[in-house]
Structure formats: structure tokens, C-alpha cells
Amino acid sequence: MWKDPGAPTDYFYQIRPECADDVPKTKFKIKAGKTLSERRWRAAFSPEGHLDIAKTLSRIHRGGIHPSIRGEVWEFLLGCYDPRSTFDDREEIRQRRRVQYATWKEVCRQMDSVVGSGRIITAPLITEDGEPIQDPLNILEANPEKGLESTQQKNGTESHGNASNNPSLSQREDNCTKVLDKKVIQWKLTLHQIGLDVVRTDRTLVFYEKQENLSKLWDILAVYAWIDKDVGYCQAGMSDLCSPMIMLLEDEADAFWCFERLMRKLRGNFRCTDSSVGVETQLSNLASVIQLLDPKLHQHLETLGGGDYLFAFRMLMVLFRREFSFGDSLYLWEMMWALEYDPDLFLLYEEPESIGKNDGSKVKPKSSRQFGKFERENMKSGVKEGEEGPVPISVFLVASVLKEKSSKLLTEARGLDDVVKILNDITGNIDAKKACSGAMKLHKKYLRKAKNKP
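Residues numbered from 1 in each chain as written. Predicted model: local features only at pLDDT ≥ 70, side-chain atom pairs only at ≥ 80, totals over all residues. Heavy atoms only, no water.

Going by what an unreviewed UniProt entry lists, the chain is known as Rab-GTPase-TBC domain and is assigned to Macleaya cordata.

Written as C-alpha cells, this is what we have:
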């Protein structure tokens, strides 16, 4: 996808000129000898295709991943592929997944023809009781000169009179009858919510000036909302998490599976019931970490009415996408995933019958070096894990930010508005590598104190 591996970081994630003054500047630098380069990445594979994951993690810890290979490295970090697999294994898995995605997408297209059409739904299609809503403003199309606009706006109000000349109307034939299936109703109710988020997601980037990229993001989220019925679609940041996958992986199916693997790590945050929101577990973890490591700060936040730590909601849901530039947030993510890496991710995520043809002779015993540093610390600590598993590194990243701002929070915060304002000041001012180092230090300290806790 990228033709110039020596280009500066900003070349890969170009900002629209009119937005340049409104977004944080990227701090990430491509450093020879530290950043995982394409040459180093290719050299990390054996002739058969087995990846030396330990060396790869070490290089990522030192300087992140070069943007030209970021997508394919992420596929390993997120557990799409087993580093112990061969080139042939992975090609077989890749093709099978592409077929599976195409099948799911066709199911969704049969339910609504806008899926895969290159258009985006931005207004409700259906009522909660399944009655169709006929409205040409439902669908946005591309106009190279003016960006996104509705068919009605483009053709004038007379477009109501001739459906055959109006793709927005002619394609609504699948929305003319009442829907009875509750699952289909629920899915259709989310489509315009996805559209509204998509047209707002990363709009400062030149990449999303192209309608085809926006529609690809909408299609992936629409398909995901259908296949993961427990989560569906949540407007608390799923489009922000999916957006980089579209940019990094040209094939839509590959981008979908990378997003699906990321959601496996984070879907607990998005799962809601009548009585609770999924992210409450991580907010509770954050409260426990701060209470143990900085009881004075925790007490102060409780006094201000912030003991539920809801002010940290956004950081946890979208993994600091708002606090960093686009390029720096990707650097932060890969550092986190490398630190948390578990070589068994692929095996945990795959059904036994769908694992690539990898005979036992190819699988070597795992050494601790094949795990990320964060995961190794968890393994060594012996601290009992909670029902939701170990506390993720994202919680310690937020804790490190709070610790860094502890003095200011204690002396200047007189209410929750002050807490939010102080934390908003970090936007564009955090170094991703230093943030991860701070999180690791807090993690070690937390494990030590938790182990000795009576």
C-alpha cells in the first residue's frame, strides 16, 4: 500500500490542510535500528514462514512498527495468525476468512441492499416495531467536488417523483415491508447510528475524503453488528477502533478480521445489560489500582464525587484515541499489544477444527520471551486473577496519567469539572513510549503490593 518506506511518519496519515491547526502533532519518529522496519520484519520469518515472535516483540518495545508494515504486524499482535504457522497455513486461513466475511456480508446485503453498495445509511430505516421508514435522506453518496451529500439535496426535491432515476429510492425496495424478526429489527435500528459515527470518524484525515473508504468502514461495522449480537453496535467508540484497520489493511475482509480480534480483547467494555455497562469492570479496576497505589488521590476523587472514575470512560473505551494524534495512538496501541502479547492468542480465538494445518512437530515449547513483558509480569506474580482475567495494561496507562497529574488534581481540583479539565490538558502532550513505561512501573508496584496485601 505504501510506496516509500523512508517517508516521514506524517506521510502515511496525511491531515487535511484545513484541519492541521486543530489536531495534535505526531510525536512518533521512525528510528533506524529501533523501529521494526520492513527488512527486519521479513528477516524474522524462517524459510517456511515461522515468525520469531520474541525478536519481533523486542523490536516493537524499542521503537514501534514502521507504518508501511503496520497492518500485517498487527494481525499477529492481535492473534489473527499463529507465529508458529507457515506461509501456507496463513494463506489458507486468510482465504477461508475472506470467504466467511463475504458470506456474512451477503447475508447483510440480503437484509438491506445498501450493504456493499458504496453508500451509507444515516437516518432510521425502521421503527422499533418493524415498520419501514421511507426517506431518501437515509443514504449518503459521494460527490467529488462537494464531499458527502444526500441524493435529495443533489437532485432537488423533484427527485421524489421518479424512483427509477434515484438510487436512494430504487434501492429501498428491501425496506417496503414490515420486518417481523426481532434480531433483524435490532440490526436495522443500528445502521443509521453506524452511519452517523462513520461520517464523523477521523474526518481530519485525507484518507476519509474518499467515499469508498467511508463505505468500507460502514460495511465492516454493519456486518460486525450482525454477527456479534451480544454487543451489536455501540456508539461509544467502535468506529474509532475500526478506522485504523481500514487504513492499514487494503482488503476489506482482512481489515474486518483484525477489528474482530481487537473487539475480542475489548468487547467486555461494550457489552451492556439492563443493570450495568461493560466498561464498569475496568473503571472498578482503575479505582482499585489508584486506591492501592495512591490512597490520598483516590480519597480526594471520592470526595469530589468521582469515585466511580467515569471521567476516565473515554480513555478506556477508545484506548486514548482522543488524547493522542492519529499516528501516536497507533504507536501506543502496538506498544500495548506487544507488552500484553500471549502466543496462545490464536489458539484461544480459533475453533479447533479451523486451526491451520500445523502439525505438532512445528510447535516448539513456549519460552517466557514469547510473551510480552506485561504478560510475563502477570505470570511471575502469582496474584490471583479476577473473574474477568488480569487487569489490562490500558487501566495502568490511565492510572499512570492520574499519578502524573496527582499533585495538580489534589491542589486544583475542586469539582469533577476541574478533574476533566486537568485531564483534557494532556491531549497532544503525552509521549506514547513514556506512557507505556509509566504503566509498566505502576503494574509492577501494584502486583507487589497486591501480593503482600493481607
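More follows now that the structure is in view.
Participant: Honestly, the overall build of the chain in this entry has me stumped. Any pointers?
Facilitator: When you go through the chain residue by residue, the secondary structure sums to 21 helices and 3 strands. The 454 residues of the chain split such that 53% are buried. Taking as baseline every contact in the chain between residues at least 6 positions apart, the subset at least 24 positions apart corresponds to 74%. Only carbon and sulfur atoms are counted for the fraction: they give 49% of the accessible area of the chain, which is about 21,300 Å². (Helix = DSSP H or I, 4+ residues; strand = E, 2+ residues; numbered from the N terminus. Buried < 20%, exposed > 50% of the residue type's maximum accessible area, 1.4 Å probe, protein only. Contact = heavy atoms within 4.5 Å. Areas by Shrake-Rupley, 256 points an atom, 1.4 Å probe, with all protein chains shown as cover.)

Participant: Honestly, the packing of helix 3 (residues 53–63) against helix 15 (residues 326–340) in this entry has me stumped. Any pointers?
Facilitator: A pair of packed helices can be characterised by two numbers: the angle between their axes and the separation between those axes. The contact between helix 3 and helix 15 brings their axes to 9 Å, and the two run at 140°. Viewed along their axes, helix 3 and helix 15 adopt a mutual orientation that is oblique. As helix 3 runs across helix 15, the sense of the crossing is left-handed. Listed contacts from helix 15 to L57, I60, H61 and G63 of helix 3 are Y331, E334, M335, A338 and L339. (Axes fitted to C-alpha atoms, helices over the stretch in contact; angles between N-to-C directions. Parallel < 35°, antiparallel > 145°, perpendicular 65-115°, else oblique. Left-handed = near helix turned anticlockwise from the far one by under 90°.)

Participant: How should I be thinking about the pattern of salt bridges in this particular structure?
Facilitator: Any two side chains of opposite charge can pair, given that their charged atoms come close. Enumeration according to the criterion identifies 25 salt bridges in this entry. Note that D197 is salt-bridged to R200, the shortest N-O span being 3.0 Å. A salt bridge links K380 to E377; its shortest N-O distance comes to 3.6 Å. With a gap of 3 residues between them, K380 and E377 both fall in helix 17 (residues 373–381), about one helical turn apart. Given the relative accessible area of 60%, K380 is considered exposed. The class for E377 is buried, based on a relative accessible area of 16%. (Salt bridge = Lys/Arg side-chain N within 4 Å of Asp/Glu carboxyl O.)

Participant: Sorry if this is basic, but what is going on with unusual backbone geometry here?
Facilitator: Keep in mind that most residues, glycine aside, have a negative phi and that most peptide bonds are trans. With a phi close to 50°, D202 is a non-glycine residue in the positive phi region. The exposure class of D202 is buried, given its relative accessible area of 12%. Phi angles above zero are rare outside glycine, and F320 is one such case at about 65°. Locating F320 in the fold gives a position in the loop between helix 14 (313–318) and helix 15. Using a relative accessible area of 2% as the deciding quantity, one classes F320 as buried.

Participant: I would appreciate a short explanation of the environment of D294 in the present structure.
Facilitator: Along the chain, the position of D294 falls in the loop between helix 12 (280–293) and helix 13 (295–303). Separated by 105 residues in sequence, D294 and A399 place their C-alpha atoms 9.6 Å apart. Among all residues touching D294, those that are not within four sequence positions of it are K403 and S406.

Participant: Quick question: what am I supposed to make of helix 20 (residues 416–424) here?
Facilitator: All buried positions along helix 20 are accounted for by V419, I422 and L423. For helix 20, the arc enclosing every buried residue in end-on projection is 95°, short of the 170-degree limit, so these residues lie on one face. Residues of helix 20 that are exposed and angled more than 90 degrees away from the buried face: D417 and K421. (Arc of directions from axis to C-beta.)

Participant: Is there a simple way to think about the packing of aromatic side chains in this case?
Facilitator: One pair of aromatic rings is described through two measures. These are the centre distance and the angle between the planes. Scanning all chains against the criterion turns up 22 aromatic pairs. Plain terms: the ring middles of Y224 and F259 are 5.2 Å apart, the flat faces sit at 70° to each other, and that makes the pair edge-to-face. Taken together, the positions of Y224 in helix 9 (residues 211–227) and F259 in helix 11 (residues 252–270) put the pair 35 residues apart, joining distant regions of the chain. Here Y224 and F259 have matching classes, each one buried. What links up through ring pairs into an aromatic cluster is the set W41, F45, F76, Y81 and F87. Here the guanidinium or amino end of R70 rests over the ring plane of F28, the centre of that ring lying 5.3 Å away. One residue, R97, lies across the ring of W257, its end atom 5.7 Å from the ring centre. (Phe/Tyr/Trp six-rings, centres within 6.5 Å; stacked < 30°, edge-to-face > 60°. Lys NZ or Arg CZ within 6 Å of the ring centre and 35° of its normal.)

Participant: Whenever I open this one, helix 21 (residues 432–452) confuses me. Can you help?
Facilitator: One turn of the α-helix equals 3.6 residues, which is why residues spaced by three or four share an orientation. Its 21 residues give helix 21 an end-to-end C-alpha distance of 30 Å, which sits within 8% of 30 Å, the value for a rise of 1.5 Å per residue. Along helix 21, the residues classified as buried are A432, A435, C436, A439, M440, L442, H443, Y446 and L447. Residues of helix 21 that are buried sit in contact with helix 12, helix 15, helix 17 and helix 18 (393–404). One side-chain oxygen at the N-terminal end of helix 21 lies 3.0 Å from the backbone nitrogen of K433; it belongs to D431. (Expected span 1.5 Å × (residues − 1). Polar contact = N/O pair within 3.5 Å; in protein donor to acceptor, adjacent residues only side chain to side chain.)

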